[in-house]
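Read off the chains here:
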Amino acid sequence: MEIKFLITPYLIKNEPFKGILRIMKICFVLLFVFSFQLLALDTKAQEAVIELKTKSMTVGQLINEIEKQTDYLVVYSNREIDANRKVTLRNKSDKVSAYLDEAFAGTDIGYDFENNYIVLMKKANRNASTIADMIRSAQQQGKTITGRVVDVNGEPIIGANIIEVGTTNGTVTDIDGNFSLHVKDDAAIRVSYIGYVEQEIKTAGKTSFNIVLQEEAIALQEVVAVGYGVQRKVNLSGSVAAVDVSKMVESRPITNLSIALAGAAPGVRVTSSNNRPGYDDASISIRGKGTLNNASPLIIIDGVEASISSVNPQDVESISVLKDASSAAIYGSRAANGVILVTTKQGKKGALQLDYSGYMSFESIRKTLEPVSNYADYMEYMNEGYQNSNLPKLFSQEMIDTWRNGKDPILYPNTDWIDATFKTGLSTNHVLSASGGSETVRFYSSFGYLNNPGVMENSGQEKYSGRLNIEGDIRPWLSVGANVNGYFSDLDAGTDNIADVFTYASATTPGMVFRHPDGRYGAMNNPEDDPQSAANNPLRRLNNIWGGYQRQNLRTRFFGTLRPFEGFSVTGSFNYDFTDEEMKKKPVFIDGWNFLTNTITSPGEGRSYVTSKDNKWTRHFGDVVARYENSFLNKKLDLSVMAGASQEQYLSKNFTTTKYDLIDMNLDVIDATTGEASAGGSASEWAMRSYFGRINLGWENKYLFEFNLRADASSRFLKDRRWGYFPSFSAAWRIDQENFMQPLTDRWLSSLKVRASYGSLGNNSVGNYEAQSLFSQSNYCWGDEVAVGMAQTALANALLTWESTYVSNIGIDFGMLRNQLTGSLDLFYKKTEDILIDLPAPLVHGTSSLPKQNAASVTNKGFELSLGWRGKSGNFNYGIDGNLTYNKNKVVKFKGEDYSLSGVNYIKEGLPINAQYMLRVDRIIQTDEDLAIVNEMLAKKPNAFAAYGVPQKGDLLYKDINGDGLINSNDRTIVSDGDNPKWLYGLSPYISYKGIDFSALIQGVAGVKVYWQHAHYNTPTVRYGYQLNRKVVEGRWYEGRTDASYPRLLQSSDTRNTIASDFYLENKSYLKIRNIQLGYTLPQSVVNKMFLQRFRIYGSLENFFTFTPYRGWDPEVSGMNYPSMKQAVIGINLSF
Amino acid sequence: MFMKKQCKYYTAILFFLIILLSGCYDLDRFPHDKLSSGTFWKTREHADQAMAGVYSMLRNDNVFGIVFGLDCLSDIGTGYDAPGYVDMARGTYTATTGQVVNKWRSLYEGIARANLVIQNIGNVSENEMSQEIKNQYVAEAKFLRALFYFQLLDFYGAVPLYDETVVVAEEFNKMMEPRSTPDQVRSFILSDLDAAIASLPQEGDYAAAYYGRATKGAAQALKGKVLLFNKQYGEASKLFEDVISSKKYALYPSYEDLFKPGGDASNEMIFAIQNIGGVGKNYGMPMTWYMGTRSSFGSCWDNVTAATDFVDSYEYKDGRPFNWEDWIPGFTTDDAIKDATFRATLTSDLTKVAKYPDAKDLLLEMYDQRDPRMQQSLILPYTWYKGWVSNAPKDCEYVIASGVNETNGFVRVNNGWEVYLWRKFVAEYNMNGAITDRAHTPINFPLIRYADVLLMLAECYNEMERQDDAVSLINEVRARVDMPGINSGPSWLEASTKEEVFERIKHERAVELAIEGHRFSDLKRWGLLETLNGKAEKGFTGKAYYTRVVRSRDYLWPIPQQEIDMNENLLPQNPGWE
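Residues numbered from 1 in each chain as written. Chains lettered and ligands numbered in written order. Predicted model: local features only at pLDDT ≥ 70, side-chain atom pairs only at ≥ 80, totals over all residues. Heavy atoms only, no water.

Participant: I would appreciate a short explanation of the overall build of chain A in the present structure.
Facilitator: When helices and strands are counted, chain A shows 17 helices and 62 strands. Principal-axis analysis of the C-alpha atoms places the extent of chain A at approximately 130 × 65 × 65 Å. Among the 1136 residues that make up chain A, the fraction classed as buried is 59%. Approximately 43300 Å² of chain A is accessible, and the part contributed by carbon and sulfur atoms is 54%. Chain A carries 117 positive and 122 negative side-chain charges, and their two centres are separated by 5 Å. (Helix = DSSP H or I, 4+ residues; strand = E, 2+ residues; numbered from the N terminus. Buried < 20%, exposed > 50% of the residue type's maximum accessible area, 1.4 Å probe, protein only. Areas by Shrake-Rupley, 256 points an atom, 1.4 Å probe, with all protein chains shown as cover. Lys, Arg positive; Asp, Glu negative; His and termini not counted. Charge placed at Lys NZ, Arg CZ, Asp CG, Glu CD.)

Participant: Explain the sheet that holds strand 7 (residues 117-122) of chain A here, please?
Facilitator: By definition, the strands of a sheet pair up through backbone hydrogen bonds, in either a parallel or an antiparallel sense. All names here are of chain A. Spatially, three strands are ordered 3-7-6 in an open sheet, and the strand pairing comes out mixed. The open sheet is flanked by strand 3 (73-76) and strand 6 (109-114), the only strands paired with a single partner. Strand-to-strand twist of the sheet, defined as the mean angle between neighbouring strand axes without regard to direction, takes the value 25°. (Pairing = 2+ DSSP bridges. Axes fitted to C-alpha atoms, helices over the stretch in contact; angles between N-to-C directions.)

Participant: Where do I start with unusual backbone geometry in this structure?
Facilitator: Where the residue is not glycine, phi is negative for most of them; where a peptide bond is considered, it is trans in most cases. With an omega of 0°, the peptide bond between B:Leu571 and B:Pro572 qualifies as cis. With a phi close to 60°, A:Asn390 is a non-glycine residue in the positive phi region. Although it is not a glycine, A:Asn701 adopts a positive phi angle of roughly 60°. Relative to the elements of secondary structure, A:Asn701 occurs in the loop between strand 36 (677-699) and strand 37 (703-714).

Participant: Explanation requested: the packing of aromatic side chains in the structure shown.
Facilitator: Where two aromatic rings form a pair, the distance of their centres and the angle of their planes describe that pair. According to the stated counting rule, one finds 81 aromatic pairs over all chains in the structure shown. Seen in terms of ring centroids, A:Tyr1046 and A:Phe1063 are 5.6 Å apart; in terms of plane orientation they differ by 85°. Their pairing is edge-to-face. One end of the pair, A:Tyr1046, is in the loop between helix 16 (1030-1034) and strand 58 (1050-1051); the other, A:Phe1063, is in the loop between strand 58 and strand 59 (1065-1067), and 17 residues separate them in sequence. The same class applies to A:Tyr1046 and to A:Phe1063, which are both buried. Ring geometry for B:Tyr108 against B:Tyr162: centres 6.1 Å apart, planes inclined by 80°, an arrangement best described as edge-to-face. With B:Tyr108 in helix 5 (residues 98-120) and B:Tyr162 in the loop between helix 6 (131-156) and helix 7 (168-171), the pair connects residues that are 54 residues apart, well separated along the chain. (Phe/Tyr/Trp six-rings, centres within 6.5 Å; stacked < 30°, edge-to-face > 60°.)

Participant: Help me understand helix 17 (residues 450-463) of chain B in this model?
Facilitator: Note on helix geometry: an α-helix contains 3.6 residues per turn, so any two residues three or four positions apart are oriented the same way. Residues and elements named next belong to chain B. Helix length check: helix 17 (14 residues) gives 20 Å between terminal C-alpha atoms against 20 Å at 1.5 Å per residue, within 8%. In terms of burial, helix 17 is a largely internal element, 13 of the 14 residues being buried. The first or second residue beyond helix 17 is glutamate 465, which carries a positive phi of 60°. (Expected span 1.5 Å × (residues − 1).)

Participant: Please clarify how the sheet that holds strand 13 (residues 199-202) of chain A should be interpreted in this entry.
Facilitator: Residues and elements named next belong to chain A. Taking strand neighbours across the sheet as the criterion, the four strands line up as 10-9-12-13 in an open arrangement whose pairing is antiparallel. The sheet is open, and its two edges are formed by strand 10 (170-172) and strand 13, each paired on a single side. Taking each pair of neighbouring strands and ignoring which way they run, the sheet shows an average axis angle of 20°. Bridging between strand 9 (residues 161-164) and strand 12 (residues 188-192) involves four bridges; their strand directions are antiparallel. Directly across from isoleucine 163, in strand 12, lies its bridge partner arginine 190.

Participant: Help me understand the packing of helix 9 (residues 375-388) of chain A against helix 10 (residues 397-405) of chain A in this model?
Facilitator: Between two packed helices, what matters for the description is the angle formed by their axes and the separation of those axes. Residues and elements named next belong to chain A. In the contact formed by helix 9 and helix 10, the axes pass within 8 Å of each other and the chain directions differ by 155°. Taken as axis vectors, helix 9 and helix 10 run roughly antiparallel relative to one another. Along the contact surface, helix 9 presents Tyr375, Ala376, Asp377, Met379, Glu380 and Asn383, while helix 10 presents Gln397, Met399, Ile400, Trp403 and Arg404. Split into classes, the residues belonging to the contact of helix 9 with helix 10 amount to six nonpolar, two polar and three charged. (Parallel < 35°, antiparallel > 145°, perpendicular 65-115°, else oblique. Contact = heavy atoms within 4.5 Å. Nonpolar A, V, L, I, M, F, W, Y, C, P; charged D, E, K, R; others polar.)

Participant: Even after reading the chapter, I still don't get the pairing of strand 49 (residues 905-908) of chain A, so can you show me in this structure?
Facilitator: Each regular strand carries side chains that alternate between the two faces of the sheet. Residue and element names in this part refer to chain A. The pairing of strand 48 (residues 899-902) with strand 49 spans four bridges and is classified as antiparallel. From the neighbouring strand, serine 900 faces strand 49, where its bridge partner is isoleucine 907. Between strand 48 and strand 49, which follow one another and run antiparallel, lie two residues, and glycine 903 among them has a positive phi close to 65°. The sheet contact formed by strand 49 and strand 50 (residues 915-918) spans two bridges and is antiparallel.

Participant: What's the story with the interface of chain B and chain A in this structure? I'm lost.
Facilitator: Interface extent is often summarised as the accessible area lost during association of the parts. Of the residues lining the interface, 107 residues belong to chain B; the matching set on chain A comes to 103 residues. Between chain B and chain A, roughly 8800 Å² of surface is buried when both sides are summed, and carbon and sulfur atoms account for 59% of that area. The three residues of chain B that bury the most area against chain A are B:Tyr25, B:Leu27 and B:Arg29, which together make up 10% of that side's buried surface. At the boundary of chain B with chain A, the tally comes to five salt bridges. In this structure, B:Asp565 and A:Arg972 form a salt bridge, with 2.8 Å as the shortest nitrogen-oxygen distance. Across the chain B-chain A interface, the total number found is 31 residue pairs in polar contact (both at pLDDT 80 or more). Within the side of chain B that touches chain A, the residues separate by chemical class into 53 nonpolar, 30 polar and 24 charged. With two bridges joining them, strand 40 (residues 774-777) of chain A and strand 1 (residues 35-36) of chain B adopt antiparallel strand pairing. When the sheet's bridge partners are listed, A:Leu774 is paired in strand 1 of chain B with B:Ser36. (Buried area = accessible area lost by both parts, 1.4 Å probe. Salt bridge = Lys/Arg side-chain N within 4 Å of Asp/Glu carboxyl O. Polar contact = N/O pair within 3.5 Å; in protein donor to acceptor, adjacent residues only side chain to side chain.)

Participant: Quick question: what am I supposed to make of helix 6 of chain B here?
Facilitator: Between its first and last C-alpha, helix 6 of chain B extends 36 Å over 26 residues, near the 38 Å set by a 1.5 Å rise per residue. A large share of helix 6 of chain B lies buried, amounting to 22 of its 26 residues.

Participant: How should the pattern of salt bridges be read in this particular structure?
Facilitator: In a structure, side chains of opposite charge can pair up when their charged atoms sit close to one another. Residue and element names in this part refer to chain B. Across all of its chains, the model carries 97 salt bridges over all chains by this definition. The partner of arginine 213 in a salt bridge is glutamate 140, with the nearest N and O atoms 2.7 Å apart. Of this pair, arginine 213 sits in the loop between helix 8 (182-199) and helix 9 (216-229) while glutamate 140 sits in helix 6, and the two are 73 residues apart along the sequence. In this structure arginine 213 comes out as buried when scored by relative accessible area, which is 3%. The closest approach of N and O atoms between glutamate 397 and lysine 360, which form a salt bridge, is 3.7 Å. Pair noted here: glutamate 397 is in strand 9 (residues 392-397) and lysine 360 is in helix 15 (residues 360-368), with a separation of 37 residues, a long-range link. Considered together, glutamate 397 and lysine 360 belong to a single accessibility category, that of buried residues. Linked by salt bridges that have partners in common, Glu268, Glu315, Asp371, Arg373, Lys424, Arg449, Arg478, Arg480, Arg504, Glu508, Glu512 and Glu516 make up one network.

Participant: What should I look at first to understand a nonpolar patch on the surface in this one?
Facilitator: All names here are of chain A. A contiguous nonpolar patch, built from Met360, Phe362, Leu426, Phe876, Ile991, Tyr993, Ile996, Phe998, Leu1078, Tyr1080, Ile1097 and Ile1130 and spanning about 1000 Å² of accessible area, is present on the exposed surface. Counting only elements with at least two residues in the nonpolar patch, the list comes to strand 24 (350-365), strand 54 (983-993), strand 55 (996-1006) and strand 60 (1070-1081). Position of phenylalanine 362 relative to the elements: it lies in strand 24. Judged by its relative accessible area of 37%, phenylalanine 362 is partly exposed. (Patch = residues over 30% accessible without salt bridge, like charges linked within 9 Å, V, L, I, M, F, W, Y side chains within 5 Å.)

Participant: What's the story with the side chain of B:Asp371 in this structure? I'm lost.
Facilitator: Residues and elements named next belong to chain B. In this fold, aspartate 371 is placed in the loop between helix 15 and helix 16 (372-377). Residue aspartate 371 is classed as buried on the basis of its relative accessible area, which comes to 0%. Each residue touching aspartate 371, except ones within four places of it in the same chain, is listed here: Tyr314, Glu315, Tyr316, Lys317, Val481, Met483 and Val511.

Participant: What's the story with the nonpolar core in this structure? I'm lost.
Facilitator: The tendency in soluble globular proteins is for nonpolar side chains to be buried side by side. The biggest cluster of nonpolar side chains holds 224 residues, and the ones touching the most others in it are B:Leu58, B:Trp104, B:Phe143, B:Phe271, B:Phe310, B:Trp422 and B:Trp557. With 15 residues, helix 6 of chain B is the largest single contributor of residues to this core. If we skip the residues at most four places from it in the chain, B:Trp104 touches A:Leu843, A:Val844, B:Leu152, B:Tyr156, B:Val159, B:Pro160, B:Ile559, B:Pro560, B:Glu563 and B:Leu570. One finds A:Ile418, A:Phe514, A:Leu542 and A:Ile590 within the second-largest nonpolar core, a separate group that totals 28 residues. (Core = buried A, V, L, I, M, F, W, Y, C linked by side-chain atoms within 4.5 Å.)

Participant: When you look at the environment of A:Tyr331 in this model, what are you seeing that I'm missing?
Facilitator: Residue and element names in this part refer to chain A. Structurally, tyrosine 331 is set in the loop between helix 8 (325-328) and strand 23 (339-344). Residue tyrosine 331 is classed as buried on the basis of its relative accessible area, which comes to 3%. C-alpha separation for the pair tyrosine 331 and isoleucine 300, spaced 31 residues apart in sequence, amounts to 9.6 Å.

Listed below in structure tokens is the structure:
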């Protein structure tokens, strides 16, 4: 029944999974048929022993006993056999054949065993054809019943088993859920299907049946992907979270698989730090930040390391997150931050199936910052700030008045840059997939199209993706297959300018028309405003480049498996992954207009050029994995062994050429230019070789033990520091399997398991050549020619080697009340040693970048809890899954008493990573009493404020933390535990009633306070030509005000109020309702008329609600960057 | 049968293994665009490359890359943003200010690169480089090292010393030396310069392809300057005299052309940063970007402009001090008159001047009567500038009116200030194609030139009570631009006392060396920096743009806070910055 383990609870419960379910059903039908044949061949009825209560009975009574106690029907003719004839038998217990011999001894009746029948007839008439006739006629007795098996939603269940109780007579439902079966008149039938509660139905007096099967909660029957294999979840001894992605991606606008993980599993933190189309990989961290380096987990797609964006989310079947050492150690040197295994959909035996899903999504940003858009107000605020800094007013009163009275929005604009820059985008996504298989060949194929214009102009992405997963059994002992997938994506050229827009959008003022209705772009209308910001019109910047990026990706995996003898297999694979990114661009010279004077004040100019650039990345990967599985000692001991080797290499290269002076601005290739050219190019590579193995032992399915070992060698380290070894082991005890638990397991306890693991993992997050001491170019010129210069711009550390992370994990998994309530709790302790760190060096070392060194140790301690409840009442199904993670990190070894300070990020032994270190603010000096404190301090020490300037009314008064009467850098202190949230949580409720389904995903983090300062968005400073935040200026102090929430406005070069202090410490906790969706599946009767298997329509809101105290742009985005989009989605899912 | 079957399987397995593991990927990988230190330092070419690496630091923004902007910290310039050193000018900088941190760091980078050459030159084989040549290279590295340390001494005072015994690649996080005293730093600089003087070739002795490398004369002049800064006038004068008597150097006949291609490679340039431009060879400095206007090549920013008072200090051609009242009565006291003097109005379509100010012709006449260096160094109102607009040359007039735009042939100041603009070092048209990037102006930038040496020697002589000798040197500089000599007759040219001659030197250095980045250091060594405190920087139309804040602590910048955070041995912080 291994097929059972493929079914995850979601699949069964949830509508969207019919596609996969159907494939499974088809498989099941085939399996069923197959097992029937097995039974038939296995007939040994003659030898079957039956027991009788008395030795004396009629022939009829004997026949009944035989039928009752065996699977056989006895067929005879009433004319030939007298059923009332009494017989006396010798034994109360004997073989069927012995009884028959006795009962008919001395008569002319003989018997034959034929299939499921015992045929009694006159010896004289016995031959093959008469026996067959007898059986046929016997079969015509009784009645034929028909019926349909559906689930609670009225969906047909394909391949459900219908068995006449007490016989092996049975059938399976067809693709519409229909069945027909010949049974005895008073027979009972048993209807069963994997994942559903079995039913027994009496047929007496009825021939037509509508059977509704209820789903069964069987969470613990899942299998999950683990490194180089799959395992039943109940048998796992490590900490692995399985995420059923196919559910989510079917009806959420997920363009990047990374987003699907948000809130879905405990211990997994997903931050969409950049949401720019085509560059929207979310950053993922598992169980906190165990390193001072890149803390991204290793992503393995179908066995090979890959970028998470290279897979079309809709092709993904499941994701496993390997969190502890025992499960991740098989990936050794790259697994320290956890491993994410992505499994794509594979074909299954069964009828061909075609699915379509598509959606339209209306995207817009969540506007959290409100700029001052009234230009007259803006000018007054600017003047106020300049005057506070003893600088002349920037704007004349007449100009302010002119604007206040000006009505025409083109002549006197009051532009809100956010409204003017961001638009509502309509993105569409279509995925068409086909799958199926015969006995020997299975395939899954898909084609996807995504058009995501984004929320800014000229920055969209169009993506076509395709996949073919195919596998065939050439011989029983040999199968081969290939996974081929790839995409083609077209990114608009303005994509390049997006970062630039976020940099320069603040360098505009509300007095600018971004774009005239007639298409012309604005510079500044006010001649008194900063001419430099004329060029910063975001729309003009987005559109001043023509061209784009074309990315082509091809990933191939060819594999073969040999099974030379039972239990043993060897799989070899070769993988090639290729990405090419071609960029072409040329400038578009757009004039900037002053619409007040109707003149061009910022001419679009520059030298015309064409740039052609090409980046290529290739990966080669090959592996051989041998597996052996068997049971010993009466099947009590299960053993499986896996051993393998792999090697991989990564190459990247690029070249770029720019040539000047286009013959005509309409042309766009290098050959259309006549001027000088410049070119550049480089290449980089690394390689790795690995050996790995695993032993699993299980005793009576109760005691489970696993041992893993991996050895890795990487080109990133010098020869003698190259090899790293990563062992791990784990054990689990399935307490529910113990006999002494029977009283509990019979009642409310469904499952209970404890597990523990320990092991070591590595992290090789250093540059490809950091161990090598190198000279790179730093040119000068002599004699009017370029003099090639060489300098050690990067220092090297020949002693570099892996970071080692040791993870201990204790976990408990449980299920209660027929697994309606399931959950698990993990406690982990993760210690990372030899952390590769940029040990800070004094500035006197120069500007060369520092090599990483294996220096620090960090621990992460915490727990993860996940709980799920699913229930139903009638047609009403509901459930909720929740997870909660707590993690606290601490630097346990650094440089003794020494610390490193990079900005406000403070690293020192005993503190969390990047504790926030800065001044504390005592108050905003608002009153004369407040100012008296300052004067008092000055009276005591005239240089009390020498470091940052003497504060005046409206300024921040920093705390004198060390009490020396001076406000200076010595007063800095730890104000927060750093940028890693302590709490993560996710909650996903669902409800379904008949065809209607509703679900939501809520996700959040808590316990994170981070310093954020942006001159134009959250400081009360003004700068000529830059935007102002309304909240800041409205909260500013001015003479007479005593309830100011911000200091007075000052010109930005006066840094008195912008010294790093806890005034700019932001609480970045948030709760996001990532998704709410409502779907409706049309009833089967309606759908069938449309020649469909399934038709579901849904609406969903993605990322619509965010609750956060954060005053910035988006709590997931650091500073100003492409924020996450709110999306309103309508979509359909169809199956043919 | 069984055996045969098994064989088939194992053959297949073997086949798999062979295919997969036969081609083992090489685990020794090297970068494709960099040289490994193991293979470097073999040839003279390598030595040249490492040396060019040291020189390239000169062009770094925090070393000498925007040195012209430092004039904004003196009486010569005004400015905004980083190139105008705005934080320093307004007294709002701290020990964490970027320019404070980066100047320190970049200068030490230059020192580290120089040390690297000195450490490794010995590894080059004798066939490639003779010992003599190696000595010359060491001397050259020491010259550059001295130049960097001299900057550190000037800006930060006592600094820690790291010489070639420190291998940065190995000791980078152990570089915790305390500060040496200023005298120790100075004697370190002087001994480096002595080595340089001993082994460097004379001007003209380098092959043409090496033009621009440090010479003996450069080392002598720099040593003289170091001594002069320490008021060792007698010793300094000897070195300047050596430079002069070498007869390798002379004043270039045209002051104007000295700062254009041609003059920038003349023998007036004792040591200049070599700048080139062009696609694929943009190795220049951003003079055009930060001093050019919106009308300049690449549309530029005017971060560094001229102080109005400074421009008013240009003498008349006959040496008399300039006075506005000679031309526009009431000008000096009435801002309305100032404004009227310059204000024009444009036609409603902004393409033409509707009305020039009445004083326009008067102004032009006045300019012609002034020290020629004024018009050669500055774009003055109603003079013309050879601009580059919409990818074509465009002559632009500096008209003071609302709505001027380069597209209509006007000079437009980026930040809208009504101030005098630099012409010196700023690209005209597109320099016949030589400039392709506003950040890389292909004009060599002098760090020490002959006129500077003459004036420094004059200063020495004046301090040594040799006023006549001093005056004759000043006059030599003035003579190039046909300015009458000091003490050449008229009363207004008389100067006899040390103080009077000093005033002449002070004036002459300002107008001769304007925007070459010397003035801030000059004011510091003369103890005159604080005279700028409270000075309102106004435009010529009378508008005030900012007020200078200068305190006694500004003679030295603070040691960067992050450096002190790292290395407590650097305490105490500079005075006034604690």
